[in-house]
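Commentary on secondary and tertiary structure
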Amino acid sequence: MYRKQVRRRRAVLVLLVGASLVLLTSTFGGGGGPFLTFQHGVATALGPLEEGANRALKPARDLVNWFHETFQARGENDQLKAEVRSLAIRKAKYEQALGENRHFRNLLQLDGSSAVAAYKPVTARIIGRSPTVWYSTVTLDVGSGAGVQVNDPIVTGDGLVGRVSAVTRGTSEVTLITDHTSAVSAKVLPDGPEGVVEPEAGNPNVLLLDFIDRSAKIHQGQLVVTAGWSNGQISSAYPYGLRLGRITQANSGVGQTYQRVALRAFADLRGMDYVQVLTHGPKRPGDGQ
Amino acid sequence: MIVTRKIALRIALILLAAVILQVSFFSYLSLFGSIPDIVPVVVAILGLLGGAVLGAVAGFVAGFLLDSVLLQTLGVSSLALLAIGYMAGRYREGYEISSALAPPLMVGILTLLYAALFSALQLMLGVSTPVSLAIVRDVVVKGLLGTLLALFTYPLVRRILRPALLDAAHGARRRARIRPAAAVRRRLRRRRARTTARAVGASGRPG
């Protein structure tokens, strides 16, 4: 009797491990066929439940986060005061530069519209989040029914958040710029070099700007925006000029071919509740990053 | 644990609630630099209450639901969760849980193991970006938060599944055997009190 139980237990374990490995190998890297269809079906069916729970639990979530943020805010207060003083000086310089920019644009007869203006923004609510530091993904309450497509850029008022990586009829999954699979081509302003912004896996608070020429001079506080490159065959999923972050640490590693600097994202990736999906963007060659 | 259809339905609802709560509530919280993870806690508790087979099946199903809801690569969470569900069940089958603190501590250790296993799987699948040492801190904090979560989740899940638990049924039978005796004792006490009151009333009357 006991032996039979042991055999049954082992058989169940082997069966489940086998099933997990089949699922893993068939859906890894975006493949999957019937499993993927089934997964999308489950996600669509559970979408409304997720949305309802998200709305119902918001007050409780806000209460817990309020305690956490109150502790954090005390420490940040002095740091922000110093930042405001330095920004006031910088603002005066930027206003002057803005005036000059308008003047030159008029001279060149450009329309002055930014790259984002070419998109049709769709406002979406975040209804789910990934629980691990390995996957920085969020689920939105809009899907292909609202015109959302894979690779559409996601922004907030503060800057770039990520891009759509999977879509069902009523929901979509967004891979945030802090996900270990994310890489965004970026440019240091005003006239700095271009590189690739990627996260440090397991630490969603830090972004790294990698593959910068060692000779390029980069300073703390410089602004980083999306580069929006295109080589005629493939192009970045993001348009030029979306705000990414500010450089916090600029020291080139000794003996390394490229320079790698740390930056802090503008968008509050943990605290955001609503985002904008930039849909129906201009046709770009390819669909890469 | 005796798993009838009703109990299976309850277990399925517990798992569904855990997954929905995880993605809509717990994933938004940031405590000590980590995110509390309720799903491995619930899977470990089910393993501790129901044994290895139930723990493994619950882990697989919870992992599949979690990966489906988040549209992530299927199988990663299932593999890690079924492992800890199975381990929790084997612990329950091998040792007697006598202390009230044993389940939360065991759940904490298993949550830590889950986080470590999940990280190992991710590293095996390949990570192109630099890996931070903050992962070690995340794994440890997840284990501690798992212990805290288990302090109130374990009694709750146990209460929901009480009709199926063999030790709870044994306790209920024992209480049922005691209850008539206590009731009889109470009735006798009341009758004695009434008789005494009547006797006092009779002797106090004027003759």
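Looking now at the overall build of chain A. Helix and strand counts for chain A come out as two helices and 12 strands. Shown N-terminal to C-terminal, the secondary structure of chain A runs as helices and strands in the order α-α-β-β-β-β-β-β-β-β-β-β-β-β. Here the contacts in chain A between residues at least 6 apart in sequence split such that 58% fall between residues at least 24 apart.

With that settled, consider the overall build of chain B. From N to C terminus, chain B includes seven helices and zero strands. Its helices and strands taken in sequence order, chain B reads α-α-α-α-α-α-α from the N to the C terminus. For chain B, the residues scored as buried account for 48% of the 207 residues in total. Long-range pairs, those at least 24 residues apart, make up 75% of the contacts in chain B with a sequence separation of at least 6.

What follows is about unusual backbone geometry. One non-glycine residue, Asn151(A), lies in the positive phi region at around 80°. You can see Asn151(A) is positioned in the loop between strand E2 (137-140) and strand E3 (153-156). The backbone of Leu71(B) sits at a positive phi, close to 55°, despite the residue not being glycine. Mapped onto the fold, Leu71(B) is located in the loop between helix H3 (52-69) and helix H4 (76-94).

Here the focus is the packing of helix H1 (residues 5-24) of chain B against H3(B). Residue and element names in this part refer to chain B. Closest axis-to-axis distance for the H1/H3 pair is 10 Å, and the angle between their directions is 40°. Between H1 and H3 lies a crossing whose hand is right-handed. The segment H1 lies against H3, with Ile11, Leu15, Leu16, Ala18, Val19, Gln22 and Val23 engaging Ala58, Val61, Ala62, Leu65, Leu66 and Val69. For the contact of H1 with H3, the residue count by class is 12 nonpolar, one polar and no charged.

In this section: the interface of chain B and chain A. With 43 residues of chain B in contact, the opposing surface of chain A contributes 49 residues. Among the elements of the structure, H1, H3, H4, helix H5 (102-125) and helix H6 (134-160) of chain B are those that each provide at least two residues to the side of chain B that touches chain A. No other element matches the seven residues that H3(B) contributes to the side of chain B that touches chain A. When grouped by side-chain class, the residues that make up the side of chain B that touches chain A number 28 nonpolar, 13 polar and two charged.

Below, the discussion takes up the pairing of E3(A). All names here are of chain A. Pairing analysis gives four bridges linking E3 to strand E4 (residues 159-167), with the strands arranged antiparallel. In the strand pairing of E4, Thr156 is matched with Gly159. Hairpin connection between E3 and E4: a loop of two residues separates the two successive antiparallel strands. Taken together, the two bridges between E3 and strand E12 (residues 274-279) define a ladder with antiparallel strand orientation.

Now for the pairing of strand E1 (residues 120-129) of chain A. All names here are of chain A. With six bridges connecting them, E1 and E12 associate as antiparallel partners. Across the sheet, residue Lys120 finds its bridge partner in E12, namely Thr279. Pairing analysis gives three bridges linking E1 to E2, with the strands arranged antiparallel. Looking at E2, one finds that Ile126 is bridged to Leu140.

Another aspect to go through is the nonpolar core. In terms of nonpolar packing, the biggest core is built from 115 residues, with Leu244(A), Leu15(B), Val19(B), Val42(B), Ile45(B), Ala62(B) and Ile84(B) touching the most fellow members. When near neighbours in sequence (up to four residues on either side) are disregarded, Ile84(B) contacts Pro40(B), Val43(B), Ala44(B), Gly59(B), Leu110(B), Leu113(B) and Tyr114(B).

Our next topic: the environment of Ala267(A). Residue and element names in this part refer to chain A. Take Ala267: it is sitting in the loop between strand E11 (258-265) and E12. Residue Ala267 is classed as buried on the basis of its 24 C-beta neighbours within 10 Å. Separated by 111 residues in sequence, Ala267 and Thr156 have C-alpha atoms that sit 6.7 Å apart. Once you skip the residues sitting within four places of it in the chain, Ala267 turns out to touch Thr156, Asp158, Gly159, Leu160, Val161 and Met272.

A word on the confidence of the model for chain A. Averaged over every residue, the pLDDT of chain A is 79; residues scoring 70 or more account for 87%. Taking the mean pLDDT of every element in chain A, the minimum, 77, falls on helix H2 (residues 34-108) of chain A and the maximum, 90, on strand E5 (residues 172-176) of chain A.

A word on the sheet that holds strand E8 (residues 203-213) of chain A. Residue and element names in this part refer to chain A. As summarised here, the arrangement of the six strands in space is E6-E7-E8-E11-E10-E9, forming a closed barrel in which the pairing is antiparallel. Between one strand and the next, the sheet's axes are offset by a mean angle of 45°, whatever the strand orientation. Pairing geometry for strand E10 (residues 243-249) and E11, over four bridges, is antiparallel. Each residue of the ladder has a partner; that of Gln249, found in E11, is Ala262.

The relative placement of two packed helices is expressed as an angle between their axes plus a distance between the axes. Residues and elements named next belong to chain B. Where helix H2 (residues 38-50) meets H5, the axes come as close as 9 Å, and the angle between the chain directions of the two elements is 125°. Comparing the axis directions of H2 and H5 gives the class oblique. Crossing angle aside, the handedness with which H2 passes H5 is right-handed. Along the contact surface, H2 presents Pro40, Val41, Ala44, Ile45 and Leu48, while H5 presents Pro103, Met106, Val107, Leu110, Thr111 and Tyr114. Residues of the contact of H2 with H5, tallied by class, amount to 10 nonpolar, one polar and no charged.

Here we take up the confidence of the model for chain B. Predicted coordinates in regions of low pLDDT should not be interpreted in detail. Residue and element names in this part refer to chain B. Confidence along chain B averages 84 in pLDDT terms, with 87% of residues attaining 70 or more. Summarising per-element confidence for chain B, the mean pLDDT is lowest in helix H7 (residues 166-204) (66) and highest in H2 (94). The complex model carries a pTM of 0.73, and its ipTM stands at 0.72.

All names here are of chain A. Taken in spatial order, the six strands close into a barrel running E1-E2-E5-E4-E3-E12, and their pairing is antiparallel. This sheet shows a mean twist of 45° between the axes of neighbouring strands, independent of strand direction. Here four bridges tie E2 to E5, and the two strands are oriented antiparallel to one another. Opposite Leu140, over in E5, you have Ser172 as the bridge partner.

Residue and element names in this part refer to chain B. Across its 27 residues, H6 extends 37 Å between first and last C-alpha, which sits within 8% of the 39 Å expected from 1.5 Å per residue. At Ala150, H6 is bent by approximately 40°, the largest bend along its length. If you check which residues of H6 are buried, you get Ile135, Asp138, Val139, Lys142, Gly143, Leu145, Gly146, Leu149, Ala150, Thr153, Tyr154 and Val157. Buried residues along H6 sit in contact with H1, H2 and H5.

Cut-off values and rules
- Residues numbered from 1 in each chain as written.
- Chains lettered and ligands numbered in written order.
- Predicted model: local features only at pLDDT ≥ 70, side-chain atom pairs only at ≥ 80, totals over all residues.
- Helix = DSSP H or I, 4+ residues; strand = E, 2+ residues; numbered from the N terminus.
- Contact = placed C-beta atoms within 7 Å.
- Buried ≥ 20, exposed ≤ 12 C-beta atoms within 10 Å, placed from the backbone.
- Axes fitted to C-alpha atoms, helices over the stretch in contact; angles between N-to-C directions.
- Left-handed = near helix turned anticlockwise from the far one by under 90°.
- Nonpolar A, V, L, I, M, F, W, Y, C, P; charged D, E, K, R; others polar.
- Pairing = 2+ DSSP bridges.
- Core = buried A, V, L, I, M, F, W, Y, C linked by C-beta atoms within 7 Å.
- pLDDT = per-residue confidence, 0-100.
- Parallel < 35°, antiparallel > 145°, perpendicular 65-115°, else oblique.
- Expected span 1.5 Å × (residues − 1).
- Bend = angle between axes of the 7 residues up to and from the residue.

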